[in-house]
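# Structural description and commentary
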Amino acid sequence: MNLDQIAQSFLAEAQDILEELEQELLELDSGATPDQIDAVFRALHTIKGSAAMFGFVELAGFAHHFETAFEDVRVGRRQVSTSLVDAALSARDLLQKFLAVPPETPEAIALAKGDEAKGIIDRLYEDAPEGRAPKPKNSQSDAMQSTDASDDLAAWIVTFVPHIDDLRNGSRPDLLVSELLELGQALVALDPQRVPDLTELEPSDACLAWEITYQEPVSKQAVQDVFVFNEEAEVTIVSPEDKAQQMDVQTEQPTAANAQDSKISDSIEKAHSTAQKSDFLRVPATRVDQIMDDLGELVIAQSRLSQMVDGHADPNLDAAVEDVERLVHALRDSALSMRMLPVESVFGRFRRVVRDLSSSLGKSVELVTLGGETEVDKNVLDRLTDPLVHMLRNALDHGLESSDERIAAGKPAEGKVFLAAKQEGGEVILQILDDGRGLNAKKIRERAVEKGLIAQSDSLTDGELYQMIFHPGFSTAAKVSDVSGRGVGMDAVQTTVDALGGTVSVDTRSNQGTSITLRLPVSLAIVDGLRVRLGAHVCVLPLNSVEECVEIPKDGKSTRHGRRILDLRGAVLPLVPLSDLLGWAPRDENNHSDRVVIVRADGQRTGLVVDDVLGQSQTVVKPLSALHAQQAGLSGATILGDGAVAMILDVAGLLQISRENKQVAA
Amino acid sequence: MNTSMNSADSSDARVLVFSLGDDSFALPVSNVREIVTPQPITPVPNAPLLVPGLVNVRGGILPYFNLRERLGLPPVPEQTLGTRFIVYDAPQGGRLIRLAFDADSVDSVAELDAEGLADMPDMGTTLPPECLLGVHRNDQRMIIRLDQTEAFNAEFHGFSKFDKRTSA
């Protein structure tokens, strides 16, 4: 790893810790247990330690104040208060800002010395016990350079016993020792006591231990920081006086230093409980994408192999090919699952949104999340975050009434917003539900007419009216607030959901609340598709938009107002040749295909005439390059069993273009 | 990876020489990813004229770029034994996009130094001048250096209009 990579991995790790920290801080709101406070403290300590290590001195300096405030909480000198959580959340956000600027640059220094940082530090220390707050003259960087300098400087005696597995884990005790020696003049004693007889020696065991006796005062914090990334090692740091006392008296009486030591080993032990996290690998998403690509090809190659083997009556060959097939599919499933993340990972972010919003709106709101363990493809989840935030904001701003209104309506003063996720087949269903006033069909109608979206004379059902909230440029909020109401939110939701190949619907009951339901494919990487033939080409229709395949009965085809229609069990559907939609050469006039795929898009059914229906299969979706990315009506391409490229069609997009063209023509 | 973004960089002396019709053309070899036998082109509905389809190159789906159309050369009736697809990292709006284009034959990799680059002779060429950096004389042949940014400018011809066929 070069330095840049190291800094990158620090940034990635810090980002994760900050996200966890946010959750932990939010949990403090509802009653703090010592474990939770420890978790916060550990997170801060890790961030500060690694920031200093990687040269993010400004960040480390600020984090130090943050940590100090929670140190006081941890040892019981102060209580968790809402104002402390508020300050801590702001401090967390500021740490995030620090991550965005390169360290030791004017920007970073400005951030560290800025009013925002000062204000937050003041708030962090607000009801701290006497003497904890930094002296005003202390500049940030001073405080960082000599953390608790006054009580920490001493000629410490450090014993360092690496964990027996350290060498196998890639740890370098020798580097740690030389790092310790850089801190100041010191004597080093090697302690070979743990080294077994040569016959029993396992060369990859870490058996040596060190005792370092400093000849000049060094900062205890600096010594501790050396071991930030070596949680397994036994490290004790004692002052010379205590050491002498220990040797002389050999008493059980716990000295101050011992108490200190036990605290360190205590926190080391706690670090162990979180060390299980190292069971997770941090892998760049591009590598997983590469695996998915290769696997997609493997699946194709494998199906070609199966086809070739079909002709041979060799049971051994058959068995081998079947094994390969089974393994390939298992491999594909596990590769797919690598991309899956629990929705809980974004739900967490929403708790913060709700907390901030409810206080700025002066409404009391409880967010209830259900089904956080439901897993969704990372790409889907990433793109959903913003729309979900929009919807939550809408629910809080427009959906929920003020406490007074709620009480008047006979409801509990505290509003509730539910965020629920569940999986159904290849779809994940996300629902945002509030127990507020519900949508007002009459107001929506007035608004839509006023905006010219519908005519006064149009008769729409309530359901159709509710759907209007997704229309671009529609906003029911009487006045525009910075929370919501610019009329872009719900439109953006619709756009994103469309792009992901999902649907969005709304249901509401007056005075009982509103629910908005998103149905989305679990993964974008693989789609269940129906292969259809048009002339020499094959296209794939996503199965989730296909209702059924029918053949036109001899007498079932007719025209109405010059448009072809299909009478399907009493329902009249428009009939459109798919080749027309694609702008491909019209089919041979003599070849009257009677194969029709009934698709549903935007709540309407349409019959697409194709030359042949080939069958259904799972296809690996490959995105189109930037040269074709603007192409409406396509959601990607895939490679068929014979190596040919097939377009994956976006039915809703295609029909929309066709409608727009008709309007232009008319 | 030593992919050059700078199209006008004539010091990039190593070029791939290929022919389209009667002309020989050169592009920096550093942007050439591979050369493969011709692949079937799948048309993309309503695609821009210059990138009408997609090809499968070793499991990767690449846009097919119609360089002939861009240079105003007549389409060839059919592929020959010498026809090759060249996979190329072409600059597009400040980024490199991997695409494939076909050539009637791929001739050689040559070192062409900047001194040898002469202005395109004004002899009634129909090639669009913005695509040309100049011409090298190599033995008996003339090799035309292409400006890769202009040559692969997919937006040059605009987009085929969707309403073309609705009016038909």
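Residues numbered from 1 in each chain as written. Chains lettered and ligands numbered in written order. Predicted model: local features only at pLDDT ≥ 70, side-chain atom pairs only at ≥ 80, totals over all residues. Heavy atoms only, no water.

## What to know about the side chain of Asp102 of chain B
Residue and element names in this part refer to chain B.
- Take Asp102: it is sitting in strand 8 (residues 95-103).
- By relative accessible area, which is 8% here, Asp102 ends up buried.
- In terms of polar contacts, Asp102 uses its side chain to reach the side chain of Tyr64, at 2.9 Å.
- Here the side chain of Asp102 touches Arg68 through a polar contact of 3.5 Å, side chain to side chain. (Helix = DSSP H or I, 4+ residues; strand = E, 2+ residues; numbered from the N terminus. Buried < 20%, exposed > 50% of the residue type's maximum accessible area, 1.4 Å probe, protein only. Polar contact = N/O pair within 3.5 Å; in protein donor to acceptor, adjacent residues only side chain to side chain.)

## Here we look at the packing of helix 2 (residues 34-53) of chain A against helix 3 (residues 57-74) of chain A
Residue and element names in this part refer to chain A.
- It is the contact of helix 2 with helix 3, at a shortest axis distance of 9 Å, that shows an interaxial angle of 155 degrees. Judged on the interaxial angle alone, helix 3 and helix 2 are roughly antiparallel. Of the two possible hands of crossing, helix 2 and helix 3 adopt the one that is left-handed. Taken together, the residues of helix 3 that come into contact with helix 2 (itself represented by Ile37, Asp38, Val40, Phe41, Leu44, His45, Ile47, Lys48, Ala51 and Ala52) are Leu59, Ala60, Ala63, His64, Phe66, Glu67, Phe70, Glu71, Val73 and Arg74.
- Counted by class, the contact of helix 2 with helix 3 contains 13 nonpolar, 2 polar and 5 charged residues. (Axes fitted to C-alpha atoms, helices over the stretch in contact; angles between N-to-C directions. Parallel < 35°, antiparallel > 145°, perpendicular 65-115°, else oblique. Left-handed = near helix turned anticlockwise from the far one by under 90°. Contact = heavy atoms within 4.5 Å. Nonpolar A, V, L, I, M, F, W, Y, C, P; charged D, E, K, R; others polar.)

## Let's talk about the interface of chain A and chain B
- On the side of chain B, 27 residues touch chain A, which itself brings 23 residues to the contact.
- The junction of chain A with chain B conceals about 2100 Å² of combined surface from both sides, 69% of it contributed by carbon and sulfur atoms.
- Broken down residue by residue, the surface that chain A buries against chain B is led by Leu627, His628 and Val645 of chain A, which jointly contribute 30%.
- Inspection of the region where chain A meets chain B yields 2 residue pairs in polar contact (both at pLDDT 80 or more).
- Looking at the side of chain A that touches chain B, the elements with two or more residues in it are helix 21 (578-582), strand 23 (634-639), strand 24 (645-649) and helix 22 (651-665) of chain A.
- Here the side of chain A that touches chain B gets 4 residues from one element, more than from any other, and that element is strand 23 of chain A.
- Residues belonging to the side of chain A that touches chain B are distributed by class as follows: 12 nonpolar, 8 polar and 3 charged. (Buried area = accessible area lost by both parts, 1.4 Å probe.)

## A word on the sheet that holds strand 2 (residues 157-161) of chain A
Residue and element names in this part refer to chain A.
- Taken in spatial order, the 4 strands make up an open sheet running 3-4-2-6, and their pairing is antiparallel. Every other strand in the sheet has two partners, leaving strand 3 (186-191) and strand 6 (234-238) as the edge strands with one partner each. Direction aside, the axes of adjacent strands within the sheet are offset by 15 degrees on average.
- Sheet topology note: the strand 2/strand 4 (residues 209-214) ladder contains 4 bridges and is antiparallel. Paired with Ile157 across the strands is Thr213, a residue of strand 4.
- Contacting strand 2, strand 3 and strand 4, helix 9 (residues 173-182) crosses the sheet at an angle of about 5 degrees to strand 4. (Pairing = 2+ DSSP bridges.)

## Section: the confidence of the model for chain A
Residues and elements named next belong to chain A.
- For chain A, mean pLDDT is 78; residues scoring 70 or higher make up 84% of the total.
- In the predicted structure, residues 134-150 sits below a pLDDT of 50 and forms 20 contacts with residues beyond four places in sequence or in another chain.
- Note that residues 477-487 has pLDDT below 50 and, in this model, 20 contacts with residues that lie over four places away or in other chains. (pLDDT = per-residue confidence, 0-100.)

## Some thoughts on the pairing of strand 10 (residues 132-138) of chain B
Residues and elements named next belong to chain B.
- Here 6 bridges tie strand 10 to strand 11 (residues 141-146), and the two strands are oriented antiparallel to one another. Bridge pairing links His136 to Ile143 in strand 11.
- Between the end of strand 10 and the start of strand 11, which pair antiparallel, lie 2 residues, with Asp139 showing a positive phi angle near 55 degrees.

## Thoughts on the packing of aromatic side chains
- What the rule picks out here adds up to 12 aromatic pairs over all chains.
- With centroids separated by 6.4 Å and ring planes inclined at 45 degrees, the aromatic side chains of Phe347 of chain A and Phe350 of chain A adopt a geometry described as tilted. With a gap of 3 residues between them, Phe347 of chain A and Phe350 of chain A both fall in helix 15 (residues 344-361), about one helical turn apart. You'll find Phe347 of chain A and Phe350 of chain A in the same group, each marked buried.
- Note on Phe65 of chain B and Phe152 of chain B: the rings are 5.0 Å apart at their centroids and 65 degrees apart in plane angle, and the pair reads as edge-to-face. One end of the pair, Phe65 of chain B, is in the loop between strand 6 (60-64) and helix 1 (67-70); the other, Phe152 of chain B, is in the loop between helix 2 (148-151) and helix 3 (163-167), with 87 residues separating them in the sequence.
- Among the aromatic residues, ring-to-ring pairing joins Phe18, Phe25, Phe65, Tyr88, Phe101 and Phe152 of chain B into one connected group. (Phe/Tyr/Trp six-rings, centres within 6.5 Å; stacked < 30°, edge-to-face > 60°.)

## Here's the deal with the pattern of salt bridges
All names here are of chain A.
- As enumerated under the stated definition, the model contains 30 salt bridges over all chains in all.
- For Arg352, the salt bridge identified is with Asp356, shortest N-O distance 3.3 Å. Placement of both Arg352 and Asp356 in helix 15 is noted, with a separation of 4 residues, approximately one turn of the helix.
- Overall, the relative accessible area of 9% leaves Arg352 in the buried class.
- Between Arg569 and Glu548 there is a salt bridge whose closest N-O contact spans 2.7 Å. Residue Arg569 is found in the loop between strand 18 (563-568) and strand 19 (571-577), and its partner Glu548 is found in strand 16 (residues 546-551); the two are separated by 21 residues along the sequence.
- Look at Glu548 and you get partly exposed, because its relative accessible area is 21%.
- Here the salt bridges share partners, and the residues they tie into one network are Glu22, Arg92, Asp93, Arg352 and Asp356. (Salt bridge = Lys/Arg side-chain N within 4 Å of Asp/Glu carboxyl O.)

## A look at the packing of helix 15 of chain A against helix 16 (residues 378-399) of chain A
Residue and element names in this part refer to chain A.
- With their axes 10 Å apart at the nearest point, helix 15 and helix 16 run at an angle of 25 degrees to one another. Comparing the axis directions of helix 15 and helix 16 gives the class roughly parallel. Considering only the axes of helix 15 and helix 16, their crossing is right-handed. On helix 16, the residues that touch Ser345, Val346, Arg349, Phe350, Val353, Val354, Leu357, Ser358 and Leu361 of helix 15 are Leu381, Thr385, Leu388, Val389, Leu392, Arg393, Leu396 and Asp397.
- Of the residues assigned to the contact of helix 15 with helix 16, the class counts are 11 nonpolar, 3 polar and 3 charged.

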